[in-house]
Amino acid sequence: MEYRRHEQPGCGGCFLLLLLLIFLSGGAPLLFEFLGLLVFIILFLLLGSIAAFWAFTYYVRRQVSAYEKSQTETHNTFVYLLVNILVKIAQVDGKVTRDEVKTIRHFFQYNLHYSQNQLFWIKELVKEALASSLSLDSLLQEFRQKFAYEPRLILLELIYQVLYSNEEVSQAELQLAENIGNYLGISSYDQRSIAARYR
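Residues numbered from 1 in each chain as written. Predicted model: local features only at pLDDT ≥ 70, side-chain atom pairs only at ≥ 80, totals over all residues. Heavy atoms only, no water.

K.L.:
Can you tell me about unusual backbone geometry, naming the residues and giving the values?
P.N.:
In this model, His 113 sits at a positive phi of 55°, which is unusual for a non-glycine residue. Inspection of the secondary structure assignment puts His 113 in the loop between helix H3 (98-111) and helix H4 (116-131). Overall, His 113 belongs to the exposed group, its relative accessible area being 63%. (Helix = DSSP H or I, 4+ residues; strand = E, 2+ residues; numbered from the N terminus. Buried < 20%, exposed > 50% of the residue type's maximum accessible area, 1.4 Å probe, protein only.)

K.L.:
Before we move on, could you go through the side chain of Gln 191 and cite the residues and values that matter?
P.N.:
The topology assignment puts Gln 191 in helix H8 (residues 188-198). Discounting residues that sit within four places of it in the chain, Gln 191 has contacts with Leu 156, Glu 178, Gly 181, Asn 182 and Ile 186. (Contact = heavy atoms within 4.5 Å.)

K.L.:
Can you break down the packing of aromatic side chains residue by residue, with the values?
P.N.:
In total, this model carries 8 aromatic pairs according to the counting rule given. Measuring from centroid to centroid gives 5.3 Å for Phe 108 and Tyr 114, while their planes differ by 50°, and the two rings are tilted. Tyr 114 sits in the buried class, given a relative accessible area of 8%. Here Phe 143 and Phe 147 contribute two aromatic rings whose centre-to-centre distance is 5.0 Å and whose plane-to-plane angle is 40°, an arrangement assigned as tilted. Its relative accessible area of 0% is what places Phe 143 among the buried residues. Ring pairs connect the aromatic residues Phe 78, Phe 143 and Phe 147, which therefore count as one cluster. Above the face of the Tyr 183 ring, Arg 144 is positioned so that its terminal group lies 4.0 Å from the ring centre. (Phe/Tyr/Trp six-rings, centres within 6.5 Å; stacked < 30°, edge-to-face > 60°. Lys NZ or Arg CZ within 6 Å of the ring centre and 35° of its normal.)

K.L.:
So, the packing of helix H6 (residues 149-163) against H8: which residues are in play, and what are the values?
P.N.:
Between H6 and H8, whose axes approach to 10 Å, the crossing angle comes to 30°. As summarised for this structure, H6 and H8 are arranged roughly parallel, according to the angle between their axes. In this structure, H6 meets H8 at a crossing whose hand is right-handed. From H6, Tyr 149, Leu 153, Leu 156, Glu 157, Tyr 160 and Gln 161 reach across to H8, where they touch Asp 190, Gln 191, Ile 194, Ala 195, Arg 197 and Tyr 198. The residue makeup of the contact of H6 with H8, split by class, is 7 nonpolar, 2 polar and 3 charged. (Axes fitted to C-alpha atoms, helices over the stretch in contact; angles between N-to-C directions. Parallel < 35°, antiparallel > 145°, perpendicular 65-115°, else oblique. Left-handed = near helix turned anticlockwise from the far one by under 90°. Nonpolar A, V, L, I, M, F, W, Y, C, P; charged D, E, K, R; others polar.)

Treat this as a map of the structure, not an account of what it does.
Here's what the structure looks like:
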């Protein structure tokens, strides 16, 4: 038989004892005063939390807006299309995992050295992309029209990173990556080099 330690008793009845003491010492008016103060404190904390959350959200949106305005249209379009395409790739298997989103964020944080405010922008773009009804084909078409070979290579590399952030990558997903590489005009040598890094 195994010896079991006894847990320290909780103070479940302490609050009731406190109410009883208040009632006995000051009667019902003091008890109602105490309960009113308690309700006021709870309401104050709740409203304070809501106000703090709203203020933080407002601050983040202002920072995101200021950053967007400070960048060129080409830069903003590149980031917008990149995030949207990568989210669509993540959605191919029917779900977007935390690791897939982390891979997208990682690129901007470590390769492009984005600050915290810039990463808030990426987070907003990911949220918008998850809710977007734009097709992968239309996004890829716009990317191909607007960007040269190097950005297309970056995109294909990131597509493989997102796919391989999952434990298993299906043959259909690999075929999709190859089709995208062909569509973007990536040479077969570069496609094989990128694919080999992840296989």
